[in-house]
Structure formats: structure tokens, C-alpha cells
Amino acid sequence: MNNKELLELAEKARENAYVPYSNFHVGAAVITKSGKIYTGCNVECASFGGTNCAERTAIFKAVSEGDKDIYAIAIASDNSEKNEITAPCGICRQVIAEFGLDIKVILGYSKGDIKEFKIKDLLPYSFTSADLI
């Protein structure tokens with residue numbers, strides 16, 4: 001699966017976002033090293049601390065199915081169709097990094113510009129399990 005196709009799945013997942021407060025829809029699609037795909041959207045809550053981002057929703061779905069070998073994650077927001085990228089928030093960057101510093105992060109719009117980063121470049125000096133030793 002190429003970056004454009006994975007981003008299209010993130011755009012489709014964005015349609016399911018529950019965002020009554022921000023009205024800012026985000027979708028994510030994770031592909032694991034086995035080729036399995038998990039999607040997620042952001043889910044808001046009146047108690048804002050209960051809100052969950054699309055990236056974490058997709059990752060948690062993968063992990064809950066026993067699939068922790070994440071290869072890449074694509075993220076699409078309402079800004080995507082303006083050909084603007086929305087990078088993952090700090091908490092999501094940390095969660096992505098938990099599963100590997102070489103995970104590809106794909107941002108953009110499937111009909112426009114697509115940018116690719118490694119999570120280690122978006123979260124330099126990340127806190128990992130090595131810091132707990």
C-alpha cells in the first residue's frame with residue numbers, strides 16, 4: 001500500500017469523527033508490518049480530558065488486536081483538503097514513538113501534497129523504555 005492509499009483510508013476514517021465541540025475532524029490509518037490496517041477518528045468528550053485523538057484511536061485498535069508492529073500511520077484532518085498538513089499532537093507523537101522511532105508518519109491530502117516523516121524526526125530526544133533503565 002502506498003502513502004496516497006493509506007491517506008485515503010485516513011480521510012475516510014475522518015468522516016466518523018465525533019467532534020461536537022471543535023468541529024475539527026481528524027482520521028488516521030495505521031498499517032502494520034504484517035500489512036493489516038487499522039483506522040481511527042478523533043472522539044471528543046464534554047470533559048475534554050476524555051477526548052481521544054484519531055492517531056491514538058487507530059494505534060489502540062491495532063494493539064487491542066495484538067498487532068504492535070506498526071510500520072506507518074497516515075493522518076488527515078479538515079485542513080487536508082486545503083492542502084495543509086496537520087501533524088500529530090505531542091501526546092500522539094509519544095504514543096507513536098512507543099512502538100518504534102522509525103515509524104513513518106504520512107501527512108497531507110491524497111489529491112495534493114503528501115509529506116513523510118519518521119516519528120524520531122517529529123519527536124527528537126523522545127522518552128522511551130530505554131530511559132526507564
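Treat the numbers as computed from the prediction; the structure is a model and nothing was measured. (Residues numbered from 1 in each chain as written. Predicted model: local features only at pLDDT ≥ 70, side-chain atom pairs only at ≥ 80, totals over all residues. Heavy atoms only, no water.)

Q: Just give me the short version of the pairing of strand β3 (residues 70–77), but keep the residues and values in it.
A: Here β3 lies mainly inside the structure; seven of its eight residues are buried. Strand direction decides the pairing type here: strand β1 (residues 26–32) and β3, joined by seven bridges, are antiparallel. The residue bridging I31 from the neighbouring strand is A72, located in β3. (Buried < 20%, exposed > 50% of the residue type's maximum accessible area, 1.4 Å probe, protein only. Helix = DSSP H or I, 4+ residues; strand = E, 2+ residues; numbered from the N terminus. Pairing = 2+ DSSP bridges.)

Q: Pulling in residues and values, what's your account of the pattern of salt bridges?
A: Going through the model one piece at a time under the given rule, you end up with four salt bridges. Of the charged contacts in the structure, one is a salt bridge between K104 and E116, with a shortest N-O distance of 3.6 Å. Highlighted residues: K104 in strand β4 (residues 104–108) and E116 in strand β5 (residues 114–118), separated in sequence by 12 residues. Classification of K104 as buried rests on a relative accessible area of 14%. Residue E116 is classed as partly exposed on the basis of its relative accessible area of 41%. (Salt bridge = Lys/Arg side-chain N within 4 Å of Asp/Glu carboxyl O.)

Q: Tell me about the sheet that holds β1, and name the residues and values.
A: With mixed pairing, five strands are arranged side by side in an open sheet as β2-β1-β3-β4-β5. The sheet is open, and its two edges are formed by β2 (37–41) and β5, each paired on a single side. Taken pair by pair, the neighbouring strands of this sheet meet at an average axis angle of 20 degrees, ignoring direction. Lying over the sheet, helix α1 (residues 3–14) contacts β1, β2, β3, β4 and β5, oriented at roughly 55 degrees with respect to β3. (Axes fitted to C-alpha atoms, helices over the stretch in contact; angles between N-to-C directions. Contact = heavy atoms within 4.5 Å.)

Q: Explain the packing of aromatic side chains to me, using residue names and the numbers behind them.
A: On inspection of all chains with the given rule, the structure shows one aromatic pair. For the ring pair Y21 and F48, a centre distance of 5.8 Å and an interplane angle of 80 degrees mean the geometry is edge-to-face. With Y21 in the loop between α1 and β1 and F48 in the loop between β2 and α2 (54–64), this residue pair connects regions lying 27 residues apart in the sequence. Classification of Y21 as partly exposed rests on a relative accessible area of 45%. (Phe/Tyr/Trp six-rings, centres within 6.5 Å; stacked < 30°, edge-to-face > 60°.)

Q: Talk me through unusual backbone geometry; I want residue IDs and the actual numbers.
A: The phi torsion at N23 lies on the positive side, around 55 degrees, for a residue other than glycine. Within the element layout of this structure, N23 appears in the loop between α1 and β1. Even without being glycine, Y125 reaches a positive phi, approximately 60 degrees. For Y125, the position within the fold is in the segment after α4 (119–122). The class of Y125 is exposed, set by a relative accessible area of 86%.

Q: Give a detailed account of the nonpolar core, specifying residues and quantitative values.
A: Counting 18 residues, the largest nonpolar core has I59, I73, V105 and I119 as the members making the most contacts within it. Going through the elements one at a time, β1, α2, β3, α3 (90–98), β4 and α4 are the ones with two or more residues in this core. If sequence neighbours within four positions are ignored, I73 has contacts with L6, A28, A29, V30, E55, I59, I96, I103, K104, V105 and I106. The next biggest cluster of nonpolar side chains, apart from the first, holds nine residues, and it includes L6, L7, A10 and I106. (Core = buried A, V, L, I, M, F, W, Y, C linked by side-chain atoms within 4.5 Å.)

Q: Describe the packing of α2 against α3, and please don't skip the residues or the numbers.
A: Contact geometry of α2 with α3 gives a least axis separation of 9 Å together with a crossing angle of 25 degrees. Between α2 and α3, the crossing angle belongs to the class labelled roughly parallel. As α2 runs across α3, the sense of the crossing is left-handed. Where α2 abuts α3, its residues E55, R56, I59 and F60 lie against I91, C92, V95 and I96. Grouping the amino acids of the contact of α2 with α3 by side-chain chemistry returns six nonpolar, no polar and two charged. (Parallel < 35°, antiparallel > 145°, perpendicular 65-115°, else oblique. Left-handed = near helix turned anticlockwise from the far one by under 90°. Nonpolar A, V, L, I, M, F, W, Y, C, P; charged D, E, K, R; others polar.)

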